[in-house]
Structures are given as structure tokens and as C-alpha cells.
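Summary of the model geometry
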Amino acid sequence: MIKLTNLERCYLLAKEKFFYVLRDINLEVEEGDFVSVMGPSGAGKSTLLHILGMHDHGWRGEYFLGDTAVHHLKPKERATLRNEQIGFVFQQYHLLDDLTVYENLDIPLSYRHYKKSERAAMVGDMLDRFQIVGKKDLYPSQLSGGQQQLVGVARAIIAEPKLLLADEPTGNLHSSQGEEIMELFCKLNEQGMTIVQVTHSEKNASYGKRVIQLRDGWIVKEEQ
Amino acid sequence: MIADLKFAVRQLRKSPGFTVVAVLTLALGIGASTAIFSVLNAVLLQPLPYPNFSRLVMVWERVRLPYYQSELNDVAPGNFADWRQQNSVFEDMAAIEDRSFNLTGAGEPLRVEGEAVSASLFNLLRLRPALGRVFTAAEDVAGGPRVVVMAYSLWVSRFGGDPQILNHSILLNGASYTVVGIMPPEFLFPDPANFHLAGAEDQLWVPIGLSPAELANHGSHHLQGVLARLKPGVSLPGVQAQMDGIARRLAQRYPQSNTGVGINLRPLRSELVPGATSAALWILLGAVSFILLMVWANLANLLLARASTRRRELAVRFALGAGRMRIVRQLLTESLLLALAGGVLGVFLTLWGVPLLLRLSPSDLPLFGSIGVNGPVLVFTLLISTFAGLAFGIWPALFATRYNVHDGLKEGARETAGGPGQKMRSSLVVAEIALGVVVLVGAGLMLRSFLLLEKAPLGFQTEGLLTFRVIPRAEKYSSLSQRTAFYQQALEKIGALPGVKSTAAVSFLPLSLYRSGKGFSIEGRPPVGPGEIPMADYNVVSPGYFRAMWIPLREGRDVSWNDTALTLPVIVINRACARIYWPNEDPLGKRIKQGLPGDPAPWLTVVGVVDDVREFDIATPPRPAVYFPISQFDGRGGLLRDWVVRTQGTQGNPNALVPVVREAIWSIDRDLPISRVRTMEQVRSLSLASQQFNVVLLGLFACLAVVLASVGVHGVTAYAIAQRTHEIGIRVALGAQREDVLKLILGQGIRLACIGSVIGLVASLVLTRLMSSVVYGVRTTDPLSLAGAAILLGLVALTACYLPARDALRIDPMEALRCE
């Protein structure tokens, strides 16, 4: 599903001096895979995730998502592709403070131009599926961290993406809440969703099928 | 308090950008308000220069007849006599009649404006002469001694301030008058005409000396006002009631002359300051107040944004034990300091702006005090500065002190998009846009009115036309034939000058705010009831007047020098007269007579019909008018005052003819002064001056309003985007595209602009009603002005939103999400 070839990401520090965040990344992710990206701080994990999520465009190399050569796409085409195929889960949940749970779930659908009736049905399904119907009118500030991340995951998958990217999804949660989220990820993966997560936690990484170790921008280890 | 002040100074110095923008914006608002107030103060608020001036009133006839209506009709001497005799509410009354004099004897002949007045006038005004005395009741009789009271300025300019002039004679209109008194320099004669005719200040006063026959005449209305002083303890409504009773009695006693003639009392202030002038000044003050409110709203917004950035500082203060009021006081000290700094700079702007304002102001603006920065103006500035400091400081201060200490102390504490600060900022922008729409609608109405006036058909051609005033007043011009001979000779001489295409003379030039309505009878028509007599404006003209003015002759012929006292008495009428009084007939050959059919006046035959001319001013539509040939007109007012000379081709400079025209007149009579030398274009411009003043100032305020509204919308949008960077990042990460972000940002601005515009339009519908007396040809609900203002401000708001919205499009979700 994902194929990265010779992917590099660097920042200009001074005249002709570059700081490499990612170097010569070659990676393949099969459809239905569950990959955990690990490594110390500054290894380039989040950068890799944002490149996969097409939030970052300043990289070199080749990136295929399915049959599509992302490296040949214009920003607008990338945005369209991202909206069709990718969902994102953040460490800090990033729910919109002024929107209710229901409205937070509705937002990605509105950006994908679903009709209002369809959106209502999809949000309703998602509330049911995650058992948060009773919380649909609450604001994020009225939810616990675990509940917020639950909504964050629901929001990420509501538009039925093929690929779910998660940046430290349990980083702000206590262990039982973390486990709950990871089990949810497993369930989604079993249902066919491809997942790439960034994590510091060995335990969380163990929920996945594959672990990739990054250090100073290089892939240093790959384990099944 | 000193500590607060010190800290406020330090805070403002710490943010020089903010301080400079705030002080400059305030200075602009306060300076503009103070400048307008200084004019309003000099015109409307300064006391009139007469002791107990509030008890002085002008008394006019109010005429309401089928063919003639006038609120300020000239007064018949008989009515004046009866009012004076029958009332018990006035201390006394005095009649006033315009006079002008040719002052000769030493140096160049000089034309001097003056008045014939009742002897009681000076006592009514409670004014004494600087030298000598005023005339007595014994001198104010028909055929009484020729005495004159002189203005200080004339005494100094013409006679070098020589006190020996007292009890000596001067030559006025060729007759000898004894100077009995000199009025003090500050003496201002209460005649509105002084103000409306620039350079026509009264400088001589003679006794009116009404004869018993005149005092019994109720049909000839030629007194230009009656001045009266209310007795102590009586009120204007009570006086009006008594005078209404007198008018009713007179109408019963003299039905032919007094039916439909009432009495109109007007306080002297409103008499001297025309309603349109005072309305315009109040409107300008209103507009500039709106600008000031917009400035305050912008500053409140700035302070709100600043308060958000100072959350941590304020939280620390709270944590250290400061009470809420203590913090509010600190923040108010800062805003007051800003306001006072703005006020001081505003005063300097006023000092610079007032001369500019005076240059723009119409020359007929009646001033009762000096325009400039004086005591009352400084008090006004101090008041609005202090109020400004409190008004734009209090809300941000109260808002800033509502934060939770714990939240404020958190690093990176941020305000949510829909938080109370954002709501307050949005409300302020809505208010700003609403105020801006009102100012823009006002300016739009004024501009539309001005453009309509500019384009209003005058009925004659102003280009290439020189005008001046020469009045042959002397014994040698006492008979009709003498005057006619002079006019004919002078016009022939001027007409023969090189560069002159045609020339003529008329009793009063169009647009000179003069009209003389008289009743007439039409031959063969059934007698009319009291008050139903046809009316028309009367003008006396020389032959060739219509040709020189380029007033098209539609039917018949012009008057000619062959129309003499011995030939058929003829008149020319205008189309309005023909249309109203001979609607389905050819008026040529029809005969009319001044007054009633039985009166001894001769029948006058209509020999020509000319196009309608705006006689009184540009805004007043033409009324029925009758033109008499000077060679046949021997009655009261049988004088041609204003002369017109049309140059060859419209490109010629009329002023170039002045020296030769002057020589041509003086070659006939060296004692005739030539005054009011102007081109007809200048006369037209003078007539438009007050409208132009209003439109320029309101236009200026409208530009300011647009700038302030755009700055306000831009500021709020930019601030909101800065606050929402994180949120926009999330939205982009969730799939929001360029259009979605633009929609989000512009939507907010457009929503504010729409709400503000709707409120502004509703307010405009109410407030612009006050402008009805100063606009011409447009209704105050003019859809074009209303829609134009709303659309313009809407577009401005959209542009002001778009610029920060473009920045929002550049938000990198990675960066935005990291900044948490």
C-alpha cells in the first residue's frame, strides 16, 4: 500500500548547510499491515508520519500510495488523495474546543462534501460503534483524556480511510485508557485498516505486526 | 495612583508601536471632533452680542395662499403699525428696511450697504454708540432730518477715524446726511442678509421715517423684518398666541390684503443662523462623533488584544493579591493616559485643521465668536478625551480581569475562537461597521444632493458672464426718463466695448436670495375671493437681458427701449407663469394688472414668454415670474441694480473687462460706485458653497470611516487567525482545503459585515431623516445611497478579511500542531 524509495527530508540551516531529519528511507507497508515506528526523540518519527499523511511536502524521493505516485502530485491533488485514503490520530487529540463531540465527528465529512443526511447517518453510526452516543452534545473540555482520544480515533476513521496514521496516540493517557485505544486499533486492523503508529512504548508497539526503529533520520532496524 | 501612572508610562513605552498607533488614531478622532466643535461653538453656542439676546425675536408675515406661500414674508408697514399698537407682550418693536447708499464726496465713490430702521431699534438691542448718539423718535418721522449712524469700520476706512466727523455732513445718494453717531467695532447688526451676501455688511443706518399713509398700507410688503423684544416673564408660545389673535383680527378688518397672512415669530438666533446651516453643523458634529466612536471601538479592540497577551502578567498580579478593582484601575490609568496624549495631539491637529476648515467653509457662515482653540473648545476636548479613556478602556479592563488565575499562569494559555474576548471584539467591529454605514449613507446623500444641484438647470448660461452692481441713486435719477436715459447710454457704451458680446441690467441677479412676490389680476377673469389672487415674482429688466443671460425666448418678443411710458405697457412672463395662469391658452396679448381689477394700476400686455430661471437659489424651483421693461416701470423698486456683461465666446475671461466697464460707467457719472464685481460662475459657486462644504467634510469623514472600519475588521480577523492557528492546523490535518479555510475566515468577516450593515442601515433610516433640510432632490431613504454604503463597506470588510485570510492559507499543519 505504501512504498517509499530514497526518501529524504532536510532543513536548510545556513548557506548550503542542511540538517537531515530523514535520510534514504526505503519502506514498504502492505495493505492490512500494522506498523509501529519507534525511536528516540528527534529521530524523525513524527516527520515521517506527516510525510505519509501528506502534511509535509518538502521531501525528496519517491512515495507511492497504492498505485499513485504521490511525489508527482500537486499539493491540491495530494490533499484530495489524503482526504480519500488517510485518517490521522494525534497525541494531544486536537479536538476542536468549540465544537461538540457530534460536530467534531462531522467536520471531516463536511470537508469531503458528503451530503448532510449521509453525514448524520455516518456520525450516528460512529457514535454507536464507539458507544459515545450519550456524549454527543458534550464539548471536549467535558470529557476525560481517554474519552477525548476515543473521539479523536472516531473522527480519524469516520470517513472510512484505508490508512490510519497515529502520532503517539496514547502519549497523554494513563495505562488503562492506553490499552483501550490500542485494542481498538487492533480491532480496526483486523477489519482491514492499515495502521502506522508512532510510539515510544514497547508495549504499544507490540500490538502491531511490525516495528521500525528510526535513529537520526535513518531506519536502523526492522522487526516482525 | 502615582505608581499606577509610572507603571502605565512604562507599559506604553514598552510597546511603542501600539502606543503610537493608539495615540495617532485618537488624535485624528479627537482633532476632527474638536475642529468641528470649534465651528459649531462659534456659530451656534456663543451668545449673541446683545444683552438678554434670548428675548429678541424677529417678526415676519406667514403667508399661506393658494398661489403663494411664505414663512418669512416681507412685512407691510400697516401690519407693523397694527402689531406694534395692539400687542401687550413686546417691550417695543422696530421696522427694518434694506437700503444701499452711494457714498461720494471724497475719493472714489463707494457703495455702502445699510438699513433704514425705527429709532427704537438701538434701545431694543440695548446697544450704545461708541461716539455721539443714535437717532431719536423725533427724527424717525416722514420728512424728518437726514441723520445717519455709521459703522466703526466705515468710519476708520473712509474717514480715518476722525472724531470731527460727528455732526458733519456726508453725501449719500447725492443728498447731505448728518453723522450723529459711530457704533462700536463689535456692533453686529441683526440682519440675516448680512451673512448671506458676502461683503455686504451694513455700515450705515438712517431713520425709516414711515409716513402715516405708509403706516396705513397693508398691501405693499417691503419691510425686511421687524425686530421685537419680549417683555420679561412672557413665553414665546404665549406671545405667538396673542399675535395669532391680532393676525385674525387684521384679516377680518382688511380681508383683501390680510386673508391668509399670519404672524411668524422666530428667536433671533435661529433667524441669524439659517436652519440649514445649523442642521448641517449638527449633522457634521454627529458624523464626526460617529468617527470618534469608531476610533474608540478600534482602540478597545487593540486593548482587548493586548489584554489577551498580558494574561500571564495579570494572573501573576492576581496571584500576588491584587483585587479586581485594583487591576481595573491600573488598566484604566493606561487607557486614560493614552486618551489624554491623543487629546493633546488632537488639539495640535485642530490648530492646524481649523484654518483649513475656514478656507473650506462658506463665506456666509455667521460667526459670533472666534473659531479656534479657546476655553470652551479646550473643555470639550478634555471631556471627550477623558470620556474616551474611560469608554474604550473600561470593557477591555473588565474583560482582562475575568481570567482564571490558574489558566492565566499556564504556559501557552490561549483563548478559544468563540471565547468572550472574541465575542466582544466581534461586537465592537459590528458596531464600527454600523457607524461607518451611517456616515457613508450621510455622505452618499449629501454627494447625490450636491451632484443634483450642480446639474440643476438654472435656465441661463453662467460661463463668460461678468456681473456687477451699479445703482443710480441721486436726485438726477429721480425720474423714470432720467434713469432710462442713463441705463440706455451706459448699456450702449458697455455693449460697444471690444470683447463684449451683449450686456443688460436687472433689478436683482438670479441666485441672489432675493424675491419679490406680488399679486395681480387677469383681465376677463371672474373676481377672486380674498387670498386667491394670482401671485408672481416681479423683476425689472433692461432690453437685451434675456439675450445676455442666454434665457431662451419661447414666444413673442423681448422688451425694447421703444416700450416707453407713452406706449402700451408690456411685460414678459416665464413659462411657469404661462403654464399656471393660462394653462390652455396662448398668453401672448393677454393683460394683467398689479393688485385687484379695480385698482388704479395700468393693464399690462404679455408680449413674450421666456424659459424658467432659478431666481432665488439653485435649490428652489422656478416660480411664476413677470419681467417689466425698466423704461416703463416707475413704481417702488424701479431700479436696475445688477448688470451683466457677456464676453465674446465662452472662453473669454470676464474679469478682463472690469477696468473698461468701470471706465464706461464713470465716463457717464463719476459718482457711481461699482460693487460686487463677480463672474456669474462665482455667484453660482457661492450659491453652492454651503453644500460643497458639507459634501467635502462628510466625504472626508466617510473616507475616515472606511479606513477605520477596514482597520477594525482587519485587526479582528488577523487576531482571530493568530488565535486560531492551532485550530486551522487541525482542520487542515483533518482534510480542510484552501477553500474551506478561506470560507471559515471570510465567513466570519462577512457575517460581522452583514450584521453591522443591517444595523447601520436601520440606524441610517432613522438618523438621516435629520438631514432632510440639507439635501436637495433626494429622499433621505434614497435606496442608491443606502445600498451603496452597505455594499462599499461590505467590500471593504471582505478585502480587510481577505488579507489575513491569505496568511491563514499558509498555515503549515505540522507547525500549527507542534505549537501546542
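Residues numbered from 1 in each chain as written. Chains lettered and ligands numbered in written order. Predicted model: local features only at pLDDT ≥ 70, side-chain atom pairs only at ≥ 80, totals over all residues.

**Description of the overall build of chain A**
The test is simple: Secondary structure counts use DSSP, requiring at least four H or I residues in a row for a helix and at least two E residues in a row for a strand, with both numbered from the N terminus. Two residues form a contact once the distance between their C-beta atoms, set from the backbone, is within 7 Å.
Looking only at helices and strands, chain A features seven helices and 10 strands. Along the three orthogonal principal directions, the C-alpha set of chain A runs to about 55 × 40 × 35 Å. Long-range contacts, defined as pairs at least 24 residues apart, comprise 68% of the intrachain contacts of chain A with a sequence gap of at least 6.

**Thoughts on the overall build of chain B**
For clarity, the cut-off: Exposure in this text rests on C-beta crowding, where 20 or more other C-beta atoms within 10 Å of a residue's own make it buried, 12 or fewer make it exposed, and counts in between make it partly exposed. The C-beta atoms are placed from the backbone.
Check the secondary structure of chain B and you find 24 helices and 22 strands. In terms of its C-alpha atoms, chain B occupies a principal-axis envelope of roughly 105 × 60 × 55 Å. Looking at chain B as a whole, 47% of its 820 residues qualify as buried. Put simply, of all contacts in chain B between residues at least 6 apart along the chain, 84% involve residues at least 24 apart.

**Re the packing of helix H2 (residues 16–45) of chain B against helix H11 (residues 275–309) of chain B**
Residues and elements named next belong to chain B. Basically, it comes down to this: Fitted lines through C-alpha atoms give the axes, limited to the stretch in contact for helices. The angle between two N-to-C directions lies from 0 to 180 degrees. Angle categories are assigned with fixed cut-offs, so that under 35 degrees is roughly parallel, over 145 is roughly antiparallel, 65 to 115 is roughly perpendicular, and the rest are oblique. What makes a crossing left-handed is the near helix being turned counterclockwise from the far one by less than a right angle; a clockwise turn instead makes it right-handed. Classification used: nonpolar for Ala, Val, Leu, Ile, Met, Phe, Trp, Tyr, Cys and Pro, charged for Asp, Glu, Lys and Arg, polar for all others including Gly.
Contact geometry for H2 and H11: axes closest at 9 Å, N-to-C directions at 165°. Between H2 and H11, the interaxial angle falls into the category roughly antiparallel. Between H2 and H11 the crossing geometry is left-handed. Tallied by class, residues from the contact of H2 with H11 come to 20 nonpolar, six polar and one charged.

**Let's talk about the interface of chain A and chain B**
With 17 residues of chain A at the contact, the number on the chain B side is 15 residues. Of all the secondary-structure elements, those providing two or more residues to the side of chain A that touches chain B are helix H2 (75–85) and helix H3 (101–111) of chain A. Taken together, the residues that form the side of chain A that touches chain B break down as seven nonpolar, five polar and five charged.

**Here's the deal with the environment of Ala-753 of chain B**
All names here are of chain B. By the secondary structure assignment, Ala-753 is in helix H22 (residues 738–767). Residue classification places Ala-753 among the buried positions, given that 28 C-beta atoms sit within 10 Å. With 644 residues separating them along the chain, Ala-753 and Pro-109 place their C-alpha atoms 65 Å apart. Other than its neighbours up to four places away in sequence, Ala-753 contacts Ile-433, Val-713, Leu-793, Gly-794 and Ala-797.

**Details of the confidence of the model for chain B**
Residue and element names in this part refer to chain B. Rules: Note on scores: pLDDT gives the predictor's confidence for each residue, bounded by 0 and 100.
Within chain B, residue pLDDT values average 85, and 93% of them lie at 70 or more. Every residue in residues 195–199 scores below 50 in pLDDT, and together they form eight contacts with partners more than four places removed in sequence or on other chains. In this model residues 410–418 is a low-confidence stretch, pLDDT under 50, and it forms 18 contacts with partners more than four residues away in sequence or in other chains. The ipTM value of the predicted complex is 0.71, and its pTM value is 0.73.

**Things to note about the nonpolar core**
Worth spelling out the cut-off: Any nonpolar core is a set of buried residues, restricted to Ala, Val, Leu, Ile, Met, Phe, Trp, Tyr and Cys, that join up through C-beta atoms within 7 Å.
Among the nonpolar cores identified, the biggest contains 291 residues, and Val-226, Ile-291, Val-439, Phe-701 and Ala-705 of chain B are the most heavily contacted of them. Other than its neighbours up to four places away in sequence, Phe-701 of chain B contacts Ala-287, Val-288, Ile-291, Val-439 and Ala-443 of chain B.

**Some words on helix H8 (residues 236–253) of chain B**
All names here are of chain B. Rules: Expected span of a helix, by definition, is 1.5 Å for each gap between consecutive residues, and there is one gap fewer than residues. Think of it as the arc spanned by the lines of direction from the helix axis to the C-beta atoms.
Taking 1.5 Å per residue, 18 residues should reach 26 Å; H8 reaches 25 Å between its end C-alpha atoms and fits that length. Buried within H8 we find Val-239, Met-243, Ala-247 and Leu-250. Mapping the buried residues of H8 onto a view down its axis gives an arc of 75°, with all of them on the same face. Relative to its buried face, H8 has exposed residues pointing more than 90 degrees away, namely Pro-237, Gly-238, Ala-241 and Gln-252. Contacts made by the buried residues of H8 are with helix H3 (77–86), strand S10 (226–230), helix H9 (255–258) and strand S11 (261–267).

**Overview of the sheet that holds strand S3 (residues 34–38) of chain A**
Residues and elements named next belong to chain A. Our working definition: Note on pairing: two strands pair once DSSP finds at least 2 bridges between them.
Taken in spatial order, the six strands of this open sheet run S6-S7-S8-S3-S9-S10, and their pairing is mixed. The two strands at the open ends of the sheet, each matched to only one other strand, are strand S6 (86–89) and strand S10 (218–223). Averaged over all pairs of adjacent strands, the angle between their axes in this sheet comes to 20°, without regard to strand direction. Two strands pair when backbone bridges link them, and S3 and strand S8 (residues 194–198) are joined in this way by four bridges, in the parallel orientation. Pairing of Val-37 across the sheet is with Val-198, part of S8. Across the face of the sheet, helix H5 (residues 145–157) comes into contact with S6 and strand S7 (163–167) while running at roughly 170° to S6.

**Some points on the sheet that holds strand S5 (residues 68–69) of chain A**
Backbone hydrogen bonds are what pair the strands of a sheet, in a parallel or an antiparallel way. Residue and element names in this part refer to chain A. Judged by pairing direction, the sheet is antiparallel, and its four strands sit side by side in the order S2-S1-S4-S5 without closing on themselves. Two strands in the sheet have a free side with no partner beyond their single neighbour: strand S2 (17–29) and S5. In this structure, strand S1 (residues 2–14) lies alongside S2, joined through nine bridges in antiparallel fashion. Each residue of the ladder has a partner; that of Lys-3, found in S2, is Glu-28. Across the sheet, helix H1 (residues 45–52) is in contact with S1, S2 and strand S4 (59–65); its angle to S2 comes to roughly 60°.

**Re the packing of H11 of chain B against helix H14 (residues 375–400) of chain B**
All names here are of chain B. Taken N-terminus to C-terminus, the directions of H11 and H14 make an angle of 35°; their axes are 9 Å apart at the nearest point. The handedness of the crossing between H11 and H14 is right-handed. In contact with Leu-292, Trp-296, Leu-299, Ala-300, Leu-303, Leu-304 and Ala-307 of H11, H14 contributes Ile-384, Ala-388, Ala-391, Phe-392, Gly-393, Trp-395, Pro-396, Phe-399 and Ala-400. When its residues are assigned to classes, the contact of H11 with H14 shows 15 nonpolar, one polar and no charged.

**Regarding the environment of Ala-94 of chain B**
Residues and elements named next belong to chain B. Along the polypeptide, Ala-94 turns up in strand S3 (residues 90–104). Residues Ala-94 and Ala-119, 25 residues apart in the sequence, show an inter-C-alpha distance of 7.4 Å. Sequence-distant contacts of Ala-94, defined by excluding residues within four places in its chain, comprise Val-117, Ser-118, Ser-120, Leu-121, Leu-124, Val-226 and Leu-227.

**Considerations on unusual backbone geometry**
Positive phi values are uncommon outside glycine, yet Glu-160 of chain A reaches one of about 55°. Structurally, Glu-160 of chain A is set in the loop between H5 and S7. On the basis of neighbour counts, which here come to 11 C-beta atoms within 10 Å, the residue Glu-160 of chain A falls in the exposed class. Positive phi is not limited to glycine here, since Asn-167 of chain B has a value of about 65°. Mapped onto the elements of the fold, Asn-167 of chain B is located in the loop between helix H5 (152–159) and strand S7 (169–172).

**A word on the pairing of strand S13 (residues 500–506) of chain B**
Residue and element names in this part refer to chain B. The buried count for S13 comes to six of seven residues, which makes it a mostly enclosed element. Two strands pair when backbone bridges link them, and S13 and strand S21 (residues 642–647) are joined in this way by six bridges, in the antiparallel orientation. Across the sheet, the residue bridging to Val-500 is Thr-647, located in S21.

**A look at H3 of chain A**
Residue and element names in this part refer to chain A. Along H3, the residues that are buried comprise Val-101, Asn-104, Leu-105, Asp-106, Ile-107, Pro-108 and Leu-109. Contacts made by the buried residues of H3 are with helix H4 (116–129) and H5. In the segment just after H3, His-113 is the residue with positive phi, at about 60°.

**Structural notes on the pairing of strand S4 (residues 110–117) of chain B**
All names here are of chain B. Across eight bridges, the pairing between S3 and S4 is antiparallel. Bridging across to S4, Ser-100 finds its partner in Glu-113. Turn length for the S3-S4 hairpin, with the two strands adjacent in sequence and antiparallel, is five residues, and the turn residue Gly-105 shows positive phi of about 120°. Across four bridges, the pairing between S4 and strand S9 (residues 204–207) is parallel. Along S9, the bridge assignment pairs Val-117 with Pro-207.

**Topic: the confidence of the model for chain A**
With 100% of its residues at a pLDDT of 70 or more, chain A shows a mean pLDDT of 89. Predicted confidence in chain A is weakest over H2 of chain A, with a mean pLDDT of 86, and strongest over S3 of chain A, with 95.

**A few points about the environment of Pro-207 of chain B**
All names here are of chain B. Structurally, Pro-207 is set in strand S9. Taking the C-beta count within 10 Å as the criterion, Pro-207 has 25 such neighbours and is therefore assigned buried. When the C-alpha atoms of Pro-207 and Val-148 are compared, they prove to be 7.6 Å apart, with 59 residues separating the residues in sequence. Ignoring any residue separated from it by four or fewer positions in sequence, one finds Pro-207 in contact with Ala-116, Ala-119, Phe-135, Glu-139, Asp-140, Gly-144 and Val-147.

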